[in-house]
Amino acid sequence: MTEPEDIVTAARKLSPAARLKIVEEILDSMDVADATVDAAWAREAEDRVAAYRRGDLRALSLSDVLARYAKT
């Protein structure tokens, strides 16, 4: 089996575009869907929309959010 250090050494000899392709492929291989997490996020989104519609949650404009964080 090839050692990670050998792969890194070989990758460093590649063009930046080729290295980026490898990085993208590795990251894509790690992005595995988890139905439990997806369902939890869906419930959270539905709860937030419901809270907004009830008036329990207010929304800010994008310009307000950007202005708040541009100061830091």
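It should be emphasised that the depicted structure is a prediction, and the values quoted were computed from it without experimental measurement. (Residues numbered from 1 in each chain as written. Predicted model: local features only at pLDDT ≥ 70, side-chain atom pairs only at ≥ 80, totals over all residues. Heavy atoms only, no water.)

Engineer: Can you tell me about the overall build of the protein chain, naming the residues and giving the values?
Structural biologist: A tally of helices and strands in the protein chain yields four helices and zero strands. The order of α-helices and β-strands along the protein chain, N terminus first, is α-α-α-α. Relative to the 2.2 N^0.38 estimate, which gives 11 Å for 72 residues, the radius of gyration of the protein chain is 22 Å and therefore markedly larger than a compact globule would have. When its C-alpha atoms are laid out on the principal axes, the protein chain stretches across 60 × 35 × 15 Å. (Helix = DSSP H or I, 4+ residues; strand = E, 2+ residues; numbered from the N terminus. Rg over C-alpha atoms; globule rule 2.2 N^0.38 Å.)

Engineer: With reference to specific residues and values, describe a nonpolar patch on the surface.
Structural biologist: Where nonpolar side chains cluster on the molecular surface, the patch consists of Leu 14, Leu 20, Ile 22, Val 23, Ile 26, Leu 27 and Met 30 and spans about 650 Å² of accessible area. Structurally, the position occupied by Met 30 is in helix H2 (residues 16-30). (Patch = residues over 30% accessible without salt bridge, like charges linked within 9 Å, V, L, I, M, F, W, Y side chains within 5 Å. Areas by Shrake-Rupley, 256 points an atom, 1.4 Å probe, with all protein chains shown as cover. Salt bridge = Lys/Arg side-chain N within 4 Å of Asp/Glu carboxyl O.)

Engineer: Before we move on, can you summarise helix H3 (residues 35-54) with the specific residues and values?
Structural biologist: In this model H3 runs 28 Å from its N-terminal to its C-terminal C-alpha over 20 residues, within 8% of the 28 Å that 1.5 Å per residue would give. Among the residues of H3, the N-terminal cap falls to Asp 34, whose side-chain oxygen and the backbone nitrogen of Thr 36 are separated by 2.9 Å. One or two positions beyond H3, positive phi appears at Gly 55, with a value near 90°. (Expected span 1.5 Å × (residues − 1). Polar contact = N/O pair within 3.5 Å; in protein donor to acceptor, adjacent residues only side chain to side chain.)

Engineer: So what's going on with the pattern of salt bridges? Which residues, and what values?
Structural biologist: Close approach of charged atoms allows side chains of opposite charge to pair. One pass over the full model with this rule turns up three salt bridges. For Glu 25, the salt bridge is made with Lys 21, and the minimal N-O distance between the two is 2.9 Å. Separated by four residues within a single helix, Glu 25 and Lys 21 lie in helix H2, roughly one turn from each other. Judged by relative accessible area, Glu 25 falls into the partly exposed class, the value being 44%. What makes Lys 21 partly exposed here is its relative accessible area of 47%. For Glu 44, the salt bridge goes to Arg 48, with nearest N and O atoms at 2.8 Å. (Buried < 20%, exposed > 50% of the residue type's maximum accessible area, 1.4 Å probe, protein only.)

Engineer: Tell me about the environment of Val 49, and name the residues and values.
Structural biologist: If you trace the backbone, Val 49 turns up in helix H3. Residue classification places Val 49 among the partly exposed residues on the basis of a relative accessible area of 38%.

Engineer: Could you give an account of the environment of Tyr 69, with specific residues and numbers?
Structural biologist: Mapped onto the elements, Tyr 69 comes out in helix H4 (residues 62-70). The exposed category is assigned to Tyr 69, whose relative accessible area is 56%. Considered as a pair, Tyr 69 and Tyr 52 are 17 residues apart in the sequence and their alpha carbons are 23 Å apart.

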